[in-house]
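Residues per chain are reported as follows:
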Amino acid sequence: MSRSGYDVQKSAINALFFREIRTRFGKYRLGYLWAVLEPSAHLLVLLIFFGFIMHRTMPDISFPLFLLNGIIPYFIFANITQRSIGAIEANQGLFNYRPIKPIDTIIARAKLEAVIYVAVYILLMIVVGMTGANITITNMLQLVSAWGLLILFSCGIGMIFMVTGHFLPEAQKLFPIVLKPLYFISGIMFPLHAIPKEYWPYLLWNPILHAVELSREAVVAGYVSEGVSLEYLAIVTLATLFISLAIYRTREEAMMTS
């Protein structure tokens, strides 16, 4: 029986997904553990340096819980986009197989990052809850929607990076540098309401900030985020996917044959 195009692509993505797992974690004993240690160490360092200050700024909100819902969404975005840059070179030999396309490599890598960080998020949320933090998931649909849109947005940006980096190799060095400032303007270490409102119109262009604040609002009891919008995040995500797919379509053949 002949299989549909969807079934063929699904099989290709799953094969690439398990290949990515073996490549990243198969050679090292601490490979799987490092996926948990990296965000945990990051969280611990920020707690040590900013915990006391933020506790006085937000006395009614658990700072570890606040911080966790900023770090993990940012890590999802940063890892998906940065690992998309080298997706072509890492899988070039596989494009000799007709079912495998460059876009499949991005989807597989994004799927792996999403699985890793969702698992890490759940684990660290349990740890934070055991320390006495008041975790109240008030809007699970908002949490899932914000994270889902963030993952799709990251795939769109990653696809633009992949295509651009393929025909302009110098850009591969530039993209990680461009992404660094987003760490400081995405609300990871501070709530949006701590920033004077005259600066909000500039900060709210950043869709990652919307995803972070919506995530906090969904799980932090008493946290209300003014100014962010799930609709804005959805519109930016759809626009990014449209642009990235249009760019990808024009360069797909060249990426597969180079």
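The structure reproduced in this document is the subject of the present report.

Here is what the cut-offs are and how they apply
- Residues numbered from 1 in each chain as written.
- Predicted model: local features only at pLDDT ≥ 70, side-chain atom pairs only at ≥ 80, totals over all residues.
- Heavy atoms only, no water.
- Helix = DSSP H or I, 4+ residues; strand = E, 2+ residues; numbered from the N terminus.
- Rg over C-alpha atoms; globule rule 2.2 N^0.38 Å.
- Buried < 20%, exposed > 50% of the residue type's maximum accessible area, 1.4 Å probe, protein only.
- Contact = heavy atoms within 4.5 Å.
- Areas by Shrake-Rupley, 256 points an atom, 1.4 Å probe, with all protein chains shown as cover.
- Lys, Arg positive; Asp, Glu negative; His and termini not counted.
- Charge placed at Lys NZ, Arg CZ, Asp CG, Glu CD.
- Phe/Tyr/Trp six-rings, centres within 6.5 Å; stacked < 30°, edge-to-face > 60°.
- Lys NZ or Arg CZ within 6 Å of the ring centre and 35° of its normal.
- Expected span 1.5 Å × (residues − 1).
- 1 Å grid on protein atoms, 1.4 Å probe; cavity = no way out; pocket = protein on both sides within 12 Å on 5 of 7 lines; lining within 4 Å.
- Points joined across faces, edges and corners; volume = space filled by probe spheres on them.
- Nonpolar A, V, L, I, M, F, W, Y, C, P; charged D, E, K, R; others polar.
- Patch = residues over 30% accessible without salt bridge, like charges linked within 9 Å, V, L, I, M, F, W, Y side chains within 5 Å.
- Salt bridge = Lys/Arg side-chain N within 4 Å of Asp/Glu carboxyl O.
- Core = buried A, V, L, I, M, F, W, Y, C linked by side-chain atoms within 4.5 Å.

1. Considerations on the overall build of the chain
In terms of helices and strands, the chain carries eleven helices and zero strands. Order of helices (α) and strands (β) in the chain, N terminus to C terminus: α-α-α-α-α-α-α-α-α-α-α. Here the C-alpha radius of gyration of the chain, 19 Å, is about what a compact globule of 258 residues would show, namely 18 Å. The C-alpha extent of the chain, read off along each of the three principal axes, is 60 × 45 × 40 Å. A burial count over the chain gives 48% of its 258 residues as buried. Taking contacts inside the chain between residues at least 6 apart in sequence as the whole, the part at least 24 apart equals 77%. Here the chain has roughly 13600 Å² of accessible surface; of this, 68% comes from carbon and sulfur atoms. Charged side chains of the chain number 19 positive and 15 negative; the gap between the two group centres comes to 11 Å.

2. What to know about the packing of aromatic side chains
Under the criterion given, the structure shown has nine aromatic pairs. Ring geometry for Phe 66 and Tyr 223: centres 6.0 Å apart, planes at 55 degrees, overall tilted. Of the two residues, Phe 66 sits in helix 3 (residues 63–85) while Tyr 223 sits in the loop between helix 10 (207–219) and helix 11 (230–257), which places them 157 residues apart along the sequence. Neither residue differs from the other here; Phe 66 and Tyr 223 are each classed as buried. With 4.0 Å between their ring centres and 10 degrees between their planes, Phe 161 and Phe 175 make a pair best called stacked. One end of the pair, Phe 161, is in helix 6 (residues 140–167); the other, Phe 175, is in helix 7 (residues 171–179), and 14 residues separate them in sequence. A relative accessible area of 11% means that Phe 175 is categorised as buried. Three or more aromatic residues link up through ring pairs in this structure, and these residues are Tyr 74, Phe 75, Tyr 117, Tyr 183 and Phe 184. A cation sits over an aromatic face here: Lys 111 above Phe 17, 4.7 Å from the ring centre. Note that Arg 216 overlies the ring of Phe 66, its terminal NZ or CZ placed 3.6 Å from the centroid.

3. Here we look at helix 3
End to end, helix 3 covers 33 Å across 23 residues, agreeing with the expected 33 Å (1.5 Å per residue, within 8%). Within helix 3, 20 of the 23 residues are buried, which leaves the element mostly enclosed by the surrounding structure.

4. Focus: the layout of surface pockets
Counted as a void, the largest pocket has a volume near 170 Å³. Around the largest pocket, the lining residues are Ile 107, Ala 110, Lys 111, Ala 114, Ile 151, Leu 152, Cys 155, Met 159 and Leu 241. Counting residues per element, the ones that place at least two in the lining of the largest pocket are helix 5 (102–130) and helix 6. Across the lining of the largest pocket, the residue classes break down as eight nonpolar, no polar and one charged.

5. Observations concerning the side chain of Ser 154
Looking at where Ser 154 falls in the secondary structure, it is placed in helix 6. The exposure class of Ser 154 is buried, given its relative accessible area of 0%. In contact with Ser 154, other than residues within four places in its own chain, are Ile 76, Phe 77, Ile 80 and Thr 81.

6. Let's talk about the environment of Leu 43
Mapped onto the secondary structure, Leu 43 falls in helix 2 (residues 31–57). Among the residues examined, Leu 43 registers a relative accessible area of 8% and is labelled buried. As a C-alpha pair, Leu 43 and Leu 143 span 100 residues in sequence and 20 Å in three-dimensional space. The residues touching Leu 43, leaving out its near neighbours within four places in the chain, are Pro 64, Leu 67, Leu 68 and Ile 71.

7. Here we look at a nonpolar patch on the surface
A cluster of nonpolar side chains, Leu 44, Val 45, Ile 48 and Phe 49, forms an exposed patch at the surface whose accessible area comes to about 450 Å². As for its position among the elements, Val 45 is in helix 2.

8. Considering the nonpolar core
Ile 72, Phe 77, Tyr 121 and Met 162 are the most contacted members of the largest nonpolar core, which totals 80 residues. Per-element accounting of this core gives the leading share, 14 residues, to helix 3. Setting aside residues no more than four positions away along its own chain, Phe 77 makes contact with Leu 150, Phe 153, Ser 154, Ile 157, Leu 179, Leu 182 and Ile 208.

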